[in-house]
Amino acid sequence: MSTVAPADRERASILRLRGVERHFNEGASRLTVLSGADFDLYPGELVALAAPSGAGKSTLLQIAGLLEKPDEGEVIIAGRAAGKLSDADRTAIRRVQIGFVYQFHHLLGEFSALENVVIPQLIRGLSKPVATQRAMQLLNYMRVKERASHRPSELSGGEQQRVAIARAVANAPRLLLADEPTGNLDPTTAGYVFDGLTRLVRASKLGALIATHNHDLAARMDRRITLQGGKVVELE
Ligand SMILES: Nc1ncnc2c1ncn2[C@@H]1O[C@H](COP(=O)(O)OP(=O)(O)OP(=O)(O)O)[C@@H](O)[C@H]1O
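Parameters at a glance
- Residues numbered from 1 in each chain as written.
- Predicted model: local features only at pLDDT ≥ 70, side-chain atom pairs only at ≥ 80, totals over all residues.
- Heavy atoms only, no water.
- Helix = DSSP H or I, 4+ residues; strand = E, 2+ residues; numbered from the N terminus.
- Rg over C-alpha atoms; globule rule 2.2 N^0.38 Å.
- Buried < 20%, exposed > 50% of the residue type's maximum accessible area, 1.4 Å probe, protein only.
- Contact = heavy atoms within 4.5 Å.
- Areas by Shrake-Rupley, 256 points an atom, 1.4 Å probe, with all protein chains shown as cover.
- Lys, Arg positive; Asp, Glu negative; His and termini not counted.
- Charge placed at Lys NZ, Arg CZ, Asp CG, Glu CD.
- Near = heavy atom within 4 Å.
- Polar contact = N/O pair within 3.5 Å; in protein donor to acceptor, adjacent residues only side chain to side chain.
- pLDDT = per-residue confidence, 0-100.
- Pairing = 2+ DSSP bridges.
- Axes fitted to C-alpha atoms, helices over the stretch in contact; angles between N-to-C directions.

## A short note on the overall build of the protein chain
Right, on to step 1. Counting its regular elements, the protein chain contains eight helices and ten strands.
Right, on to step 2. For 236 residues, the compact-globule formula gives about 18 Å, and the C-alpha radius of gyration of the protein chain, at 18 Å, lands near that figure.
Right, on to step 3. With respect to the three principal axes, the spread of C-alpha positions in the protein chain is 50 × 45 × 35 Å.
Right, on to step 4. Within the protein chain, buried positions represent 48% of all 236 residues.
Right, on to step 5. Taking all contacts inside the protein chain whose residues are at least 6 apart in sequence as the whole, residues at least 24 apart take part in 70%.
Right, on to step 6. When the accessible area of the protein chain is evaluated, it comes to approximately 11500 Å², of which 51% is carbon and sulfur surface.
Right, on to step 7. Averaging the coordinates of the 30 positive side-chain charges in the protein chain and doing the same for the 26 negative ones gives two points 5 Å apart.

Right, here's the structure in full:
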């Protein structure tokens, strides 16, 4: 149990969903994916999102990451209600506050691991020395520093995914959203990737919501949630 008082927890919530609804129209019928979904994520916390295929995990992550709008309800990122913001402000929050990791890494193939982590920081306006120092620190956290000069095609799948995580947090987001980040890795490699992710989350106090089918990894996270009848339900 957290020792933080409820009011403080409310203030500190990095991601807050309230009454989120998402429906898809399919011809004459309507598919309800999220209905009355409530959720809070706190700094330094890793939460597993484990639900059967088609239950709505990706939909939830897309909405939490401001990539999609809910039909109803509110998404609040670090205290700011996204529903009332302009598209430009939503994009700014997404760029600055949110990091994304996917099952397939989407690294830039013509650049080294180091450059892949440096480039987003240069785009944000940091100087090359500062960006390079932070990138090396992140690659070190992910235990791939010694592979920094290699291109993605010269890295193993697990190394590529560790670089992708370093890149996702390069601009120090407050929230990390990951959709099956270890989905295409063998269990041992998935464990290494997860270890790096955990180190980063603890060190940087970001909050991480990670969709996974991997029960071992889910068991190692701070909390586990699932989707039932469109609602977020805590598992234990
Ligand atoms: N744009 C869309 N239009 C219509 N239906 C959609 C759309 N996006 C998702 N769905 C449907 O919503 C449901 C939830 O999809 P979602 O991708 O969120 O599930 P998931 O839990 O991430 O599944 P998986 O584990 O297989 O990736 C599915 O039935 C899917 O077919």
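Next, the rest of the story.
## Concerning the site of the ligand
Right, on to step 1. Within the structure, the ligand sits among Phe24, Leu31, Val33, Pro52, Ser53, Gly54, Ala55, Gly56, Lys57, Ser58, Thr59 and His213.
Right, on to step 2. The separation between an oxygen atom of the ligand and a polar main-chain atom of glycine 56 is 2.9 Å.
Right, on to step 3. In this structure, an oxygen atom belonging to the ligand sits 2.8 Å away from a main-chain N or O atom of serine 58.
Right, on to step 4. Here the ligand loses 58% of its free accessible area of 640 Å² to cover by the protein chains.
Right, on to step 5. The set of elements that each furnish at least two residues to the shell around the ligand consists of β2 (29-41) and α2 (57-64).
Right, on to step 6. With three residues, the top contributor of residues to the shell around the ligand is α2.

## Focus: the confidence of the model for the protein chain
Right, on to step 1. Taken over all residues, the pLDDT of the protein chain has a mean of 91, while the share at 70 or more is 95%.
Right, on to step 2. Quick note on the complex model: pTM equals 0.90, ipTM equals 0.95.

## Section: the sheet that holds strand β6 (residues 98-101)
Right, on to step 1. Read across the open sheet, the six strands follow the order β6-β7-β8-β3-β9-β10; overall the sheet is mixed. Every interior strand has two partners, whereas the edge strands, β6 and β10 (231-235), have only one. Strand after strand, the sheet turns through a mean of 25° between neighbouring axes, direction not considered.
Right, on to step 2. Two strands pair when backbone bridges link them, and strand β3 (residues 46-49) and strand β9 (residues 223-228) are joined in this way by three bridges, in the parallel orientation. The residue bridging alanine 48 from the neighbouring strand is arginine 224, located in β9.
Right, on to step 3. Docked against the sheet, helix α3 (residues 87-97) engages β6 and β7 (175-179), running at close to 70° with respect to β6.
Right, on to step 4. Sheet strands in contact with helix α6 (residues 157-168) are β6 and β7, and its direction is about 165° off that of β6.

## What about the sheet that holds strand β1 (residues 15-26)?
By definition, the strands of a sheet pair up through backbone hydrogen bonds, in either a parallel or an antiparallel sense.
Right, on to step 1. Within the open sheet, the four strands sit side by side as β2-β1-β4-β5. Their pairing is antiparallel. Two strands in the sheet have a free side with no partner beyond their single neighbour: β2 and β5 (80-81).
Right, on to step 2. Looking at chain direction, strand β4 (residues 72-77) and β5 are connected through two bridges and run antiparallel. If you follow isoleucine 76 over to β5, its bridge partner there is alanine 81.

## Some points on helix α4 (residues 113-123)
Right, on to step 1. All buried positions along α4 are accounted for by Ala113, Leu114, Asn116, Val117, Val118, Pro120 and Gln121.
Right, on to step 2. Close packing links the buried residues of α4 with α5 (128-141) and α6.
Right, on to step 3. Residue glycine 125 follows α4 closely and has a positive phi angle near 105°.

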